[in-house]
Amino acid sequence: MPEISTTPVLEARHITRHFGAVIALADASLTLGRGEVLGLVGDNGAGKSTFLKILSGVISASSGEIFADGKLVQLKRAQDAMDAGIETVYQDLALVDTMSAFQNVYLGREELSSNPLARLFNLVDDRKMRSRAREVLDMLAVKIPSIDVSVKGMSGGQRQCLAIARALLWGRRIVILDEPTAALGVRETGQVLDVIRDLRNHDVSVIVVSHNMQQLMSVADRITVMRLGRSIATRNVRDTQVSEIVGLITGAIPGDAEPEAAKLAIPA
Ligand SMILES: Nc1ncnc2c1ncn2[C@@H]1O[C@H](COP(=O)(O)OP(=O)(O)OP(=O)(O)O)[C@@H](O)[C@H]1O
Ligand SMILES: [Mg+2]
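Within every chain, residues take consecutive numbers counted from 1 along the sequence as written. Following the order in which they are written, the chains are lettered starting with A and the ligands numbered starting with 1. Where totals are concerned, whole chains, interfaces and linings use all residues; where local detail is concerned, this predicted model gives features only for residues with pLDDT of at least 70, and gives and counts side-chain atom pairs only at 80 or more. Side-chain measures here rest on the full set of heavy atoms in the structure, leaving out hydrogens and waters.

**So, the pairing of strand E10 (residues 230–236)**
Residues in a regular strand project their side chains so that they alternate between the two faces of the sheet. Threshold: Throughout this description, buried means an accessible area under 20% of the type-specific maximum (1.4 Å probe, protein chains only), exposed means over 50%, and partly exposed covers the range between. Here a strand is any run of E in DSSP of at least two residues, a helix any run of H or I of at least four, and the numbering for each starts at the N terminus. When DSSP finds two or more bridges between two strands, those strands count as paired.
With respect to burial, E10 is a largely interior element, five of its seven residues being buried. As paired elements, strand E9 (residues 222–227) and E10 share six bridges and run antiparallel to each other. The residue bridging Arg227 from the neighbouring strand is Arg230, located in E10.

See below:
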């Protein structure tokens, strides 16, 4: 029997966030197990993106606690989240059109050359970057024509995969995706879902927001449902159905009375 670590890689407890009079998050909790894909769902305005932004250090919580590997962390800036191993793939992806795929994978954090003289002049080690980029893209079976072509002509799916690969390249343990397939066609969506599934094999845990229940249930292990800024229920995908999740989202099915609803359920 493999040993199952019971310490979640990420846990958020009782997060609240106000924007003036607007309560975006009233009491949101979630737990993310190691190598797990957690789906986060809820109606428009339920607070999903706000929750993800707090976990990415982009905005701060009004109250609540976040634990990474069981340790309390303060995510005051995006860098704090990155230091905690959390990488977020944003909807607009922040890829540079005119740069090649491999340059994009390294964007802003080019590997320094091991040659001291080159280091002095801050030259980047193109060869090393190139081979690492290829390695990661191969590892995830990301299908792009060449790592040397500019990303301008790439499809939305290829761009999304590239951004996910970037997270892996930087050794992040947690990848957060906000509606990664929202703008994609069927084939591209399939490609992105495959990459998400594959992250699990690399011991990377994923939180993914989506409005497409069928798709989400094909990749997620568990789903946390949010309603009006609260996390109201968490279900193992294998123990639930689309109809139950939709009922929880709309309120047709009441949420769990138990406030610790987002507690990590360890499979027996
Ligand atoms: N910067 C902000 N200033 C004021 N209100 C905000 C801000 N960001 C979010 N909100 C409000 O907080 C609530 C939650 O928004 P959020 O974007 O988190 O919802 P969501 O679940 O991601 O919705 P969607 O499915 O439409 O993306 C909404 O009422 C929204 O208007
Ligand atoms: Mg959103």
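**Regarding the pairing of strand E7 (residues 174–178)**
Along E7, five of the five residues are buried, which leaves the element largely enclosed by surrounding structure. Every second residue of E7 is oriented toward a common face, with Ile174, Ile176 and Asp178 on one face and Val175 and Leu177 on the other, all of them buried. Alignment of strand E6 (residues 86–89) against E7, held across four bridges, turns out to be parallel. Note on E7: the bridge partner recorded for Val89 is Leu177.

**Some details on the nonpolar core**
For clarity, the cut-off: What we call a nonpolar core is a set of buried Ala, Val, Leu, Ile, Met, Phe, Trp, Tyr and Cys residues that are connected through their side-chain atoms within 4.5 Å. The criterion used for residue contact is that any of the two residues' heavy atoms lie within 4.5 Å.
Ranked by size, the top nonpolar core spans 40 residues in total, and within it Val41, Ile164, Leu177, Ile196, Ile223, Val225 and Ile245 carry the most contacts. Counting residues per element, this core draws most heavily on helix H6 (residues 156–169), at eight residues. For Val41, the contacting residues outside a window of four places in its chain are Lys48, Ser210, Met213, Leu216, Ile223, Thr224, Val225, Met226, Ile245 and Ile249. Ile15, Leu30, Ala68 and Ile86 belong to the second largest nonpolar core, which has 26 residues in total.

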